[in-house]
Amino acid sequence: MNVLDTLKKTSHNQMPEIYKTLSVERMEQRVKDIKERFGTRLFIPAHHYQKDEVVQFADATGDSLQLAQISAENKDAEYVVFCGVHFMAETADILTDESQKVILPDMRAGCSMADMADIEQTERAWGILEQTFGDTVLPLTYVNSTAAIKAFVGKNGGATVTSSNAKEMVSWAFTQKQRILFLPDQHLGRNTAYELGVPLDQMAVWNPYTDSFEYEGAIEDIKVILWKGHCSVHENFTVKNIEQVREEHPDMNVLVHPECSREVVSFSDYAGSTKYIIDMIDQAPIGSKWAIGTEMNLVKRLIDTHPDKQIVSLNPHMCPCLTMNRIDLPHLLWTLEELDKGNVINQIIVDKQISSQANLALDRMLNRSI
Ligand code: 13P
Ligand code: SF4
């Protein structure tokens, strides 16, 4: 179910206005008290792109892969209050036990990239790909996708990938089939396949609105079919930004996320997942200079926690991911206070059949990732 469908079903769950009037100190104290009362019955994971006001209460932070691994391992928590976006909470629901309840503090926290591939479009595309290529295509989906897309991939023998393990998963896919269909982020798919040696002229873009390829070569040469989706945050980093940084600071390292375009990744010095970016900055020498191309909440946190290094956003006009930002202290407190009263609100429940098929895709990934 995509975020719009979920919202239609849960429109009565609006945060009461009162939460907008409370002081930060009061809200922080209440969250602390509830966390203490619940102990290990409550678990709060948070993605690295979340705001500091939320991250301060996280029991674990991570990139998408780490959060999936953590969800699969945690069997103690009765309630998982997920500070991230909708597809991450769905993944957590799929990977946790049936008795565990996953809650998203604000149901409007979707992901525009995940919504760029819907299941009807994907089934239609698959029919055409089967007619064109026979049984030679394996579907892979970035975890930034709906549970229905993960289920489609799982039932067709494929797997999920994250930006941390995309290379490993694409290599595995080519041991299974001659070609891959990579959903829904064309940039992660293109960057990964290119690094593994697939030439750009063997990659075609699939346009789900025209049900056709955007490709100029001979159809039988296609090895990678890239779904025409992208991240609306990372597409705002450009080659021009890199040129500007290099002109002003010739000794600055450019470090970007692989959701950026091929051009941006190839012009940069380093590219990797949010965990890779964090580790790189942690290990960087004192005094080193970095222009980072990823979500702004994370870049700000890196600037604050590494005052001994010079860190800037690669795009000086960058904003945070708006949907990640919907999870804030008032929404976190609201959901926790409702839990404290015995009301489970904003629960993410993935349909059983979808969940078991999506689990196949997630399992194939988790079994291959450290
Ligand atoms: P990672 O957590 O895999 O780096 O992905 C970044 C992202 O865009 C999550 O929405
Ligand atoms: Fe989606 Fe991009 Fe926001 Fe991640 S950063 S949640 S991919 S829109």
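Please refer to the structure placed before this passage.
Here the structure is a predicted model, which is why all the values come from computation and not from measurement.

About the criteria used
Residues numbered from 1 in each chain as written. Chains lettered and ligands numbered in written order. Predicted model: local features only at pLDDT ≥ 70, side-chain atom pairs only at ≥ 80, totals over all residues. Heavy atoms only, no water. Near = heavy atom within 4 Å. Polar contact = N/O pair within 3.5 Å; in protein donor to acceptor, adjacent residues only side chain to side chain. Areas by Shrake-Rupley, 256 points an atom, 1.4 Å probe, with all protein chains shown as cover. 1 Å grid on protein atoms, 1.4 Å probe; cavity = no way out; pocket = protein on both sides within 12 Å on 5 of 7 lines; lining within 4 Å. Sits in = over half its atoms within 2 Å of the grid points. Nonpolar A, V, L, I, M, F, W, Y, C, P; charged D, E, K, R; others polar. Buried < 20%, exposed > 50% of the residue type's maximum accessible area, 1.4 Å probe, protein only. Helix = DSSP H or I, 4+ residues; strand = E, 2+ residues; numbered from the N terminus. Pairing = 2+ DSSP bridges. Phe/Tyr/Trp six-rings, centres within 6.5 Å; stacked < 30°, edge-to-face > 60°. Contact = heavy atoms within 4.5 Å.

Draft legend 1. Quick peek at the site of ligand 1. Around ligand 1, 14 residues are found, and the nearest of them are His 47, Ser 64, Ser 163, His 257 and Glu 259. Here an oxygen atom of ligand 1 sits 3.4 Å away from a polar atom, N or O, in the side chain of Tyr 142. Its free accessible area being 300 Å², ligand 1 has 96% of it covered by the protein chains. Mapping ligand 1 onto the cavity grids shows that it belongs to the largest pocket. In terms of residue class, the shell around ligand 1 is made up of 5 nonpolar, 7 polar and 2 charged.

Draft legend 2. The arrangement of the site of ligand 2 in detail. The full set of residues close to ligand 2 is Tyr 49, Val 85, Cys 111, Ser 112, Met 113, Asn 144, Cys 231, Val 233, Glu 259 and Cys 321. Under a 2 Å grid-point criterion requiring more than half of the atoms, the pocket assigned to ligand 2 is the largest pocket. Among the residues making up the shell around ligand 2, the classes are represented as 7 nonpolar, 2 polar and 1 charged.

Draft legend 3. Examining the pairing of strand S9 (residues 203-207) more closely. Most of S9 sits inside the fold, with 5 of its 5 residues counted as buried. Neither face of S9 is open: one carries Met 203, Val 205 and Asn 207, the other Ala 204 and Trp 206, and all of them are buried. Examined bridge by bridge, S9 and strand S11 (residues 224-227) share 4 bridges and lie parallel to one another. For Met 203, the partnering residue across the bridge sits in S11 and is Val 224. Judged from the 3 bridges that link them, S9 and strand S10 (residues 212-214) form a sheet pairing that is antiparallel. Counterpart to Asn 207 in the pairing with S10 is Ser 212. What sits between the antiparallel neighbours S9 and S10 is a turn of 4 residues, in which Asp 211 has the positive phi angle 50°.

Draft legend 4. Representation of the packing of aromatic side chains within the structure. Enumeration over the complete set of coordinates arrives at 5 aromatic pairs. The interplanar angle of 65° and the centroid separation of 6.1 Å between the aromatic rings of Phe 133 and Phe 213 together place this pair among those described as edge-to-face. Taken together, the residues Phe 133 in helix H6 (residues 119-133) and Phe 213 in strand S10 connect sequence positions 80 residues apart. For the ring pair Tyr 270 and Trp 290, a centre distance of 5.9 Å and an interplane angle of 40° mean the geometry is tilted. Of the two residues, Tyr 270 is situated in strand S13 (residues 270-271) and Trp 290 in strand S14 (residues 289-293); the sequence distance between them amounts to 20 residues.

Draft legend 5. The arrangement of unusual backbone geometry in detail. Notably, Asp 211 is not glycine yet its phi reads approximately 50°, a positive angle. As for its position among the elements, Asp 211 is in the loop between S9 and S10. By relative accessible area, Asp 211 is classed as partly exposed at 26%. Even without being glycine, Asn 346 reaches a positive phi, approximately 55°. Take Asn 346: it is sitting in the loop between helix H14 (329-340) and helix H15 (352-366). For Asn 346, a relative accessible area of 2% puts it in the buried group.

Draft legend 6. Region of interest: the environment of Ile 242. Mapped onto the elements, Ile 242 comes out in helix H10 (residues 239-248). The sequence separation of Ile 242 and Ala 151 amounts to 91 residues, and the corresponding C-alpha distance is 38 Å. Dropping the residues within four chain positions of it, Ile 242 is found in contact with Val 254, Val 264, Phe 267, Ser 268 and Leu 314.

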